[in-house]
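# Structural description and commentary
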Amino acid sequence: MAPLGRRTAVEFVGTGALVAIVVGSGIQATELSKDVGVQLLANSLATVFGLGVLIVLLGPVSGAHFNPVVTLAAWWTGRRDGDGPTLREAAAYLPAQVAGAIGGAVLANAMFARPLVQWSAHDRSAPHLWLGEVVATAGLVLLILGLARTGRAHFAPVAVASYIGAAYWFTSSTSFANPAVTIGRAFTDSFAGIAPASVLPFLAAQLAGLAVGLVLVAVLFGRPTPAAEDVVVPHGEHRAAAAGR
């Protein structure tokens, strides 16, 4: 296993790269087309491909969580048998993910000659959007832990990226499903941005989705069995796998 410092650095860089992909592709899409549907399609496709690559590349080092929800889910489910990250590791990952997300948004702004920090004016405050975040986050947790419980963690890069791409379209919130990414996206007044005032309700919805996802995993898959193979996930230590965006 890589040293904690290296794994933490990977979580910082990976989350930053993910946000740069989401924000940068959103800016590019709005510069190339005025059609909102085309903009969302371009943004979602770039995120799917970018996320898949990041999971494949960085998953073997840190689990490629890139998402506090994934880290917390991996810690909670593995705290008894030591399969997930320890509390100390989770405490290192979470601030690295948030800092990386902010850095990724700033980098995207810089690449498109925008102010480095430009608070978003994109209001996303509505109950149906919060419900969309609960659904998106619960589904992500269910997918990642479900793959681990069934010995299919090796499908995480494709499965997680595909889920996020689909959730862009089937959830009202366009599936942020990631507290760190949500905070980072407040730093850009672009297609992918979220107004600072909308951040806290989104975070609350994502934590609620985490709780729902953990319940669904317990109901549908039960406790992990010794036969289950390790799953490298982009959000967890040994079997977390995917980051949401």
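What counts and how
Residues numbered from 1 in each chain as written. Predicted model: local features only at pLDDT ≥ 70, side-chain atom pairs only at ≥ 80, totals over all residues. Heavy atoms only, no water. Helix = DSSP H or I, 4+ residues; strand = E, 2+ residues; numbered from the N terminus. Contact = heavy atoms within 4.5 Å. Lys, Arg positive; Asp, Glu negative; His and termini not counted. Charge placed at Lys NZ, Arg CZ, Asp CG, Glu CD. Expected span 1.5 Å × (residues − 1). Core = buried A, V, L, I, M, F, W, Y, C linked by side-chain atoms within 4.5 Å. Buried < 20%, exposed > 50% of the residue type's maximum accessible area, 1.4 Å probe, protein only. Phe/Tyr/Trp six-rings, centres within 6.5 Å; stacked < 30°, edge-to-face > 60°. Lys NZ or Arg CZ within 6 Å of the ring centre and 35° of its normal. Salt bridge = Lys/Arg side-chain N within 4 Å of Asp/Glu carboxyl O. Axes fitted to C-alpha atoms, helices over the stretch in contact; angles between N-to-C directions. Left-handed = near helix turned anticlockwise from the far one by under 90°. Nonpolar A, V, L, I, M, F, W, Y, C, P; charged D, E, K, R; others polar. pLDDT = per-residue confidence, 0-100.

### Observations concerning the overall build of the protein
Scanning the protein for helices and strands turns up eight helices and zero strands. Its helices and strands in sequence order give the protein the pattern α-α-α-α-α-α-α-α, from N to C terminus. Taking the principal axes of the C-alpha coordinates as reference, the protein spans close to 50 × 35 × 30 Å. Pairs at least 24 apart in sequence give 80% of the contacts found in the protein among residues at least 6 apart. Of the charged side chains in the protein, 14 are positive and 12 negative; the average position of the first set lies 3 Å away from that of the second.

### Considering helix α5 (residues 127-149)
In this model, α5 (23 residues) spans 32 Å end to end at C-alpha, consistent with the 33 Å of a helix rising 1.5 Å per residue. Remark: glycine 151 follows α5 within two positions and exhibits a positive phi of approximately 70 degrees.

### Observations concerning the nonpolar core
Grouped together as the largest cluster of nonpolar side chains are 42 residues, with contacts concentrated most on Leu18, Leu140 and Val160. Sorting the residues of this core by element identifies α1 (4-32), α2 (36-62), α4 (87-111), α5, α6 (156-170), α7 (179-184) and α8 (196-221) as the ones contributing at least two each. Ranked by residues supplied to this core, first place goes to α6 with seven residues. In terms of nonpolar packing, the next biggest core, distinct from the first, is built from seven residues, Val69, Val141, Leu210 and Val217 among them.

### Structural notes on the packing of aromatic side chains
For the structure shown, the criterion picks out four aromatic pairs. Taking 5.9 Å as the distance between ring centres and 65 degrees as the angle between the ring planes, the aromatic pair formed by tryptophan 75 and tryptophan 76 counts as edge-to-face. Ring centres of tyrosine 163 and phenylalanine 170 lie 6.1 Å apart, and the angle between their planes is 70 degrees; this geometry places the pair in the edge-to-face category. One Lys or Arg, arginine 79, reaches over the ring of tryptophan 76 and ends 3.6 Å from the middle of that ring.

### Some points on the pattern of salt bridges
Summed over the entire model, instances satisfying the criterion amount to one salt bridge. Between glutamate 89 and arginine 7 there is a salt bridge; the shortest N-O distance is 2.9 Å. Here glutamate 89 is found in helix α4, whereas its partner arginine 7 is found in helix α1, with 82 residues between them in sequence. For arginine 7, a relative accessible area of 4% corresponds to the buried category.

### Side note on the environment of proline 201
If you trace the backbone, proline 201 turns up in helix α8. With 15 residues separating them in the primary sequence, proline 201 and alanine 186 have C-alpha atoms 13 Å apart.

### Topic: the environment of alanine 197
Structurally, the position occupied by alanine 197 is in helix α8. We classify alanine 197 as exposed; its relative accessible area is 65%.

### Some words on the side chain of serine 44
Structurally, serine 44 is set in helix α2. Given the relative accessible area of 3%, serine 44 is considered buried.

### Looking at the packing of helix α3 (residues 68-78) against α8
It is at 10 Å that the axes of α3 and α8 come closest, and there the two elements cross at 35 degrees. Between α3 and α8 lies a crossing of right-handed hand. For the pair α3 and α8, contact is made by Val69, Leu72, Ala73, Trp76 and Thr77 and by Gln206, Leu210 and Leu214, respectively. When its residues are assigned to classes, the contact of α3 with α8 shows six nonpolar, two polar and no charged.

### What to know about the confidence of the model for the protein
Within the protein, residue pLDDT values average 92, and 91% of them lie at 70 or more. Contacts of residues 227-239 to residues separated by more than four positions or lying in other chains number 81 contacts, the stretch itself having pLDDT below 50.

### Considering unusual backbone geometry
In this model, phenylalanine 66 sits at a positive phi of 55 degrees, which is unusual for a non-glycine residue. With respect to the helices and strands, phenylalanine 66 occurs in the loop between α2 and α3. Judged by relative accessible area, which is 0%, phenylalanine 66 ranks as buried. The phi angle at serine 175 is positive, at roughly 55 degrees, despite the residue not being glycine. Assignment of secondary structure puts serine 175 in the loop between α6 and α7.

### Comments concerning the packing of α1 against α4
Interhelical geometry of α1 versus α4 gives an angle of 30 degrees and a closest axis separation of 7 Å. Seen from above, α1 lies across α4 with right-handed handedness. In terms of residue class, the contact of α1 with α4 is built from 14 nonpolar, eight polar and four charged.

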